[in-house]
Amino acid sequence: MNQANNELRKNIQNVINKKTTQEKLRIAEKVFNNTGEGIAVTDIDGTIQLVNPAFTTITGYSAGEAIGRNPRILRSERHDKKFYKGMWKSLIEMGNWKGHIWNRRKNGETYLEWMNISAIKDDDGKTLQYVSVFHDLTENVLQEEHIKYQAYHDALTELPNRELAKDRLNLALTHAHKNNQIVGVIFLDIDRFKRINDTLGHPIGDMLLQGAAKRLREYMDEGDTVGRLGGDEFIILLEDIKSVQNIIKVVHKIFHAFEKPFLLKNDEIYVTASIGISIYPSDGENMESLMKNAEVAMYRAKEKGKNTYQLYTPKMSERAYEQLAIENDMYKALEKDEFILYYQPQVQTTTGEIIGAEALIRWKHPKLGLISPAKFIPLAEETGFIVPLGEWVLRKACEQNRIWQKKGLKNIQVAVNLSPLQFKQKDLIEKITKIIQETGIRPEDLELEITESNAMLDPDFTIKTLKALNNMGIQLAIDDFGTGYSSLAYFKSFPIHKIKIDQSFIRDINEDESNRAIVLAIIGIAKSLGLKSIAEGVETKEQLKALKKHGCQQIQGYFFSPPVRPEEFEKMLIEKQ
């Protein structure tokens, strides 16, 4: 009986073991067929006996194409004999090898994989087969390369960014030092970019930057580095340069690249560039000093009138520190009440009667004395400080005019220039309305000036804003007329009252026939549109005579009076009255 029971238990156990083995085999087969990792089984000579579906997916070889062949069909030729010798040595001695390996797919594409090869041995330790399990790392490599690319390239323009530009400059300097060569560093800034960005919007500004980057790449040689440092600042590195003249030739190529307008959506935008140049080793022996000095030279080019270049000189650094000091003090100056307004009379040409005044800002610096607006206004525009500063000017001018009115002096118009950034403010109308209400000035006693180039940046917006100001009763004038690119089709739609003729045309009105013709044309346009004309920068009797002869109604300039303090202007009003 016991023997029968033992036999029964043994049979039952065998069935259980068989079922367990079958279940394990079924699970193993399922894993083999469904895993995402490629698996290949070879005999001891390396002939492929079995592959899974992932092997086919990764390599491109079907099971029928792979079985019976050697894994050499996957060899990429990127590893030498020593590599494979080491692999086999590890398999024979240790029974295992793992590591990165470059293989080739059936279509010829190389790819990186992580592979683990293990020997399958019998109970006596004899190797029967090899199993290799591998994972395709292509996606990982591409992702890493993409991350690395993003880390060293500007996302908008795809140019090298500041970090990559620095690395390349350092490499160029090392090479130049060894070979006794010079390196040129060009620092480029797009003129008036902030105005375009603020007026037409950031999408248009981005399109302009992309267009500028494309042109710079096209006009530079293959070995030159063109990078974007941020904003509208670009850097160009020139290696293997023989002389400074070679760098100047490159600069002229850049200016040529900017001669054609940029087509941005439906608008053609003309822009220029200011360029600063530093040279290794004369202007610096390391990356930091060369980049800094090229930037300093670029700012000097902007001061010279833009659309030009400047080679770095040591004196520029002194000037740059002075500019930085001014910029830092400028923000505190408004709180400390250091800004003051001067007033330049606007006069009737035929009678000499004062009919208005332009409010002009000055800065009474506690250490540097009276600072000209030519020194701090560009900085204010560049930093955005022009908006609160412009609002202060507007309020102060209205307050001062109201003071004169309360004293019983003749009613005059006080003209205030609106900066491009200020004009673009969404709450401009609300701010002006509030200032008029709080100061008690009549709207018709305030004249607002915008430059012709500012007006034409976005004509539709200009028309809408000017109409709102005109409906309030405010007088409106176009400043610097003749220096921009007005379209008369738009210009006649502007609800303005006065055209201001730029002083550059008045200066040589009696000597230069072209200037005289332009002045006559502007006066004619004003008359035909029913507008007043005023000439600024009138400094001589001869200029006054010519303007009077040709029908210009008003003048402003040193011939009558320079800008003066409020109390001096008040005396002039009383005397004329």
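Residues numbered from 1 in each chain as written. Predicted model: local features only at pLDDT ≥ 70, side-chain atom pairs only at ≥ 80, totals over all residues. Heavy atoms only, no water.

Engineer: Is there a simple way to explain the overall build of the chain in this structure?
Structural biologist: In terms of regular secondary structure, the chain is built from 22 helices and 21 strands. A compact globule built from 577 residues should have a C-alpha radius of gyration of about 25 Å, whereas the chain, at 39 Å, is more than 25% larger. When its C-alpha atoms are laid out on the principal axes, the chain stretches across 140 × 70 × 50 Å. Within the chain, the fraction of its 577 residues that count as buried is 45%. (Helix = DSSP H or I, 4+ residues; strand = E, 2+ residues; numbered from the N terminus. Rg over C-alpha atoms; globule rule 2.2 N^0.38 Å. Buried < 20%, exposed > 50% of the residue type's maximum accessible area, 1.4 Å probe, protein only.)

Engineer: Sorry if this is basic, but what is going on with the environment of aspartate 189 here?
Structural biologist: Within the element layout of this structure, aspartate 189 appears in strand β6 (residues 182-190). Look at aspartate 189 and you get buried, because its relative accessible area is 7%. Separated by 45 residues in the primary sequence, aspartate 189 and phenylalanine 234 place their C-alpha atoms 6.4 Å from one another. Among residues more than four places away in sequence, those in contact with aspartate 189 are Asp232, Glu233, Thr272, Ala273, Ser274, Met298 and Lys302. A distance of 2.8 Å separates a polar atom in the side chain of aspartate 189 from a polar atom in the side chain of lysine 302. (Contact = heavy atoms within 4.5 Å. Polar contact = N/O pair within 3.5 Å; in protein donor to acceptor, adjacent residues only side chain to side chain.)

Engineer: What is the right way to read helix α15 (residues 428-439) from this model?
Structural biologist: An α-helix turns once per 3.6 residues; consequently, residues spaced three or four apart project the same way. Over its 12 residues, α15 runs 17 Å from end to end, which matches the ideal 16 Å to within 8%, given 1.5 Å per residue. Against the buried residues of α15 lie α13 (386-406), α14 (420-423), β17 (446-451) and α17 (459-472). Just downstream of α15, glycine 440 is the residue with a positive phi angle, here 80°. (Expected span 1.5 Å × (residues − 1).)

Engineer: Explain the nonpolar core here, please?
Structural biologist: What tends to happen in soluble globular proteins is that the nonpolar side chains get buried as a cluster. One finds Phe339 and Leu448 to be the most contacted residues of the largest nonpolar core, which totals 74 residues. Counting residues per element, this core draws most heavily on α13, which supplies 9 residues. With residues near it in sequence (within four places) discarded, leucine 448 still touches Leu394, Val416, Leu418, Ile432, Leu469, Ile474, Gln475, Leu476 and Ala477. Within the second largest apolar cluster, 37 residues are counted, among which are Leu200, Leu209, Ile241 and Ile277. (Core = buried A, V, L, I, M, F, W, Y, C linked by side-chain atoms within 4.5 Å.)

Engineer: Would you mind going over the sheet that holds strand β2 (residues 48-51) with me for this structure?
Structural biologist: Hydrogen bonds between backbone atoms are what pair the strands of a sheet, whose relative direction is either parallel or antiparallel. Ordered by their spatial adjacency, 5 strands build an open sheet running β2-β1-β5-β4-β3, and the pairing between neighbours is antiparallel. Each of the sheet's edge strands pairs with one partner strand only, and the pair in question is β2 and β3 (96-104). Averaged over all pairs of adjacent strands, the angle between strand axes in this sheet comes to 25°, irrespective of strand direction. The strands touched by helix α4 (residues 81-94) within the sheet are β3, β4 (110-121) and β5 (127-136), with β3 carrying the most contacts at an inclination of about 150°. (Pairing = 2+ DSSP bridges. Axes fitted to C-alpha atoms, helices over the stretch in contact; angles between N-to-C directions.)

Engineer: Would you mind going over the packing of helix α8 (residues 202-219) against helix α9 (residues 244-257) with me for this structure?
Structural biologist: Each pair of packed helices can be described by the angle between their axes along with the distance between the axes. At a minimum axis separation of 10 Å, α8 and α9 run at an interaxial angle of 140°. On the basis of their axis angle, the class for α8 and α9 is oblique. Classified by chirality, the crossing of α9 by α8 is right-handed. Between α8 and α9, the residues in contact are Arg215, Leu216 and Tyr219 and Lys253, Ile254, His256 and Ala257, respectively. Its residues assigned to classes, the contact of α8 with α9 shows 4 nonpolar, 1 polar and 2 charged. (Parallel < 35°, antiparallel > 145°, perpendicular 65-115°, else oblique. Left-handed = near helix turned anticlockwise from the far one by under 90°. Nonpolar A, V, L, I, M, F, W, Y, C, P; charged D, E, K, R; others polar.)

Engineer: I tried to follow the sheet that holds β6 on my own but got confused; where do I start?
Structural biologist: Strands sit in the order β7-β8-β6-β11-β12 across an open sheet of 5 strands; the sheet is mixed. The two strands at the open ends of the sheet, each matched to only one other strand, are β7 (225-230) and β12 (309-311). Averaged over neighbouring strand pairs, the angle between their axes works out to 20° when direction is ignored. Where strand β11 (residues 273-280) meets β12, 3 bridges bridge the pair, whose relative direction is parallel. Bridging across to β12, isoleucine 277 finds its partner in leucine 311.

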